[in-house]
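# Observations on the three-dimensional arrangement
Read off the chains here:
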Amino acid sequence: MRIDILTVLPQLLESPFSASIMQRAQDKGHVEIHVHNIRDYSTDKHKNVDDYQYGGGAGMVLSIEPIAAVIEKLISERSYDDIIYMTPDGKVLEQSDCNTLSLSKNLMILCGHYKGVDERIREHYITKEISIGSYVLSGGELAAAVVVDAVVRLIPGVLNDETSALTDSFQDNLLSPPVYTRPPEFKGWKVPEILLSGNLPAIEKWREEQALQRTQDRRPDLLD
Ligand code: ADE
């Protein structure tokens, strides 16, 4: 998979992909992540990328020209499965969206800033608008990093068996059961006996019951 991220703050995207699973996914050739600085495409003599909004009001708007220039350059080079805009008024991201996106060959992600981008970018280039939750971030970069992480870990071969995505919370609309490691007792707090029993079918059954109970208690909406 290839992912192109368009931003006015590329520094914000330096560390999220340079450790652990995301770094390994790139090293193993499962994903190429390219971050593009929208400012490099500004033809303004001061390299401005934003302007006052028509009609007045507080807050700057990202201008159409430099963003259109990056998008057009990229779409002239390859075809994109989706051109995504990160925005708090988009569809709230769920595991099923990540599963779908993980089947893509080329994805482009545009990060908004300030008051957002000129609406004509959304009307004419964007194919999906994604929010990572009902709160407002300072920009779309951290949200884009969340989407990339959630999607890349689903590409076959990125995770090994131990970290398999199939047992993740949400993958079957259930939260994950509780997990424990050594020691078996700490300050008198004991690991559930069943997990030490070596009885694999019984452990599996216990985990299923715990997953169901946890989902009923914490996220009953997932069971609807
Ligand atoms: N940009 C600002 N807030 C956001 C959010 N909650 N999700 C996606 N992009 C955003």
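Since this is a predicted model, take the numbers as computed values, not measurements. (Residues numbered from 1 in each chain as written. Predicted model: local features only at pLDDT ≥ 70, side-chain atom pairs only at ≥ 80, totals over all residues. Heavy atoms only, no water.)

## Quick look at the pattern of salt bridges
Pairs can form between side chains of opposite charge whenever their charged atoms are close. Basically, it comes down to this: For this analysis, a salt bridge means a side-chain nitrogen from Lys or Arg found within 4 Å of a carboxyl oxygen belonging to Asp or Glu. Classification of residues uses two cut-offs on accessible area relative to the type maximum, computed with a 1.4 Å probe and protein chains only: under 20% is buried, over 50% is exposed, and between them is partly exposed.
Taken as a whole and judged by the stated rule, the model has 14 salt bridges. A salt bridge links lysine 91 to glutamate 94; the nearest nitrogen and oxygen atoms lie 3.7 Å apart. The exposure class of lysine 91 is partly exposed, given its relative accessible area of 44%. On the basis of relative accessibility, which here comes to 47%, the residue glutamate 94 falls in the partly exposed class. Notably, a salt bridge pairs arginine 120 with aspartate 118, separated by 2.7 Å at the nearest N-O pair. Judged by relative accessible area, which is 17%, aspartate 118 ranks as buried. Within this structure, Asp89, Glu119, Arg122 and Glu129 form a network of salt bridges that share partners.

## Considering the environment of glutamate 208
Under the convention used in this document: By definition, any uninterrupted DSSP run of H or I lasting at least four residues is a helix, any uninterrupted run of E lasting at least two residues is a strand, and each is numbered from the N terminus.
Structurally, glutamate 208 is set in helix 6 (residues 200-218). You can call glutamate 208 exposed: its relative accessible area is 51%.

## Here we look at the packing of aromatic side chains
Test applied: Aromatic pairs are defined between Phe, Tyr and Trp rings, using the six-membered ring for Trp, whenever the two ring centres lie within 6.5 Å; interplanar angles under 30 degrees are classed as stacked, those over 60 as edge-to-face, and all others as tilted.
Tallied over the entire structure, the rule returns 1 aromatic pair. Pairing phenylalanine 186 with tryptophan 189 gives two aromatic rings, centres 5.6 Å apart and planes at 65 degrees, and the pair type is edge-to-face. Using a relative accessible area of 57% as the deciding quantity, one classes tryptophan 189 as exposed.

## Here we look at helix 5 (residues 141-152)
For the record, the criterion: By this rule, a helix spans an expected 1.5 Å times one less than how many residues it contains.
Taking 1.5 Å per residue, 12 residues should reach 16 Å; helix 5 reaches 16 Å between its end C-alpha atoms and fits that length. Extensive coverage of helix 5 is indicated by the burial of 9 of its 12 residues. Of the residues making up helix 5, those classed as buried are Glu141, Ala143, Ala144, Ala145, Val147, Val148, Ala150, Val151 and Val152.

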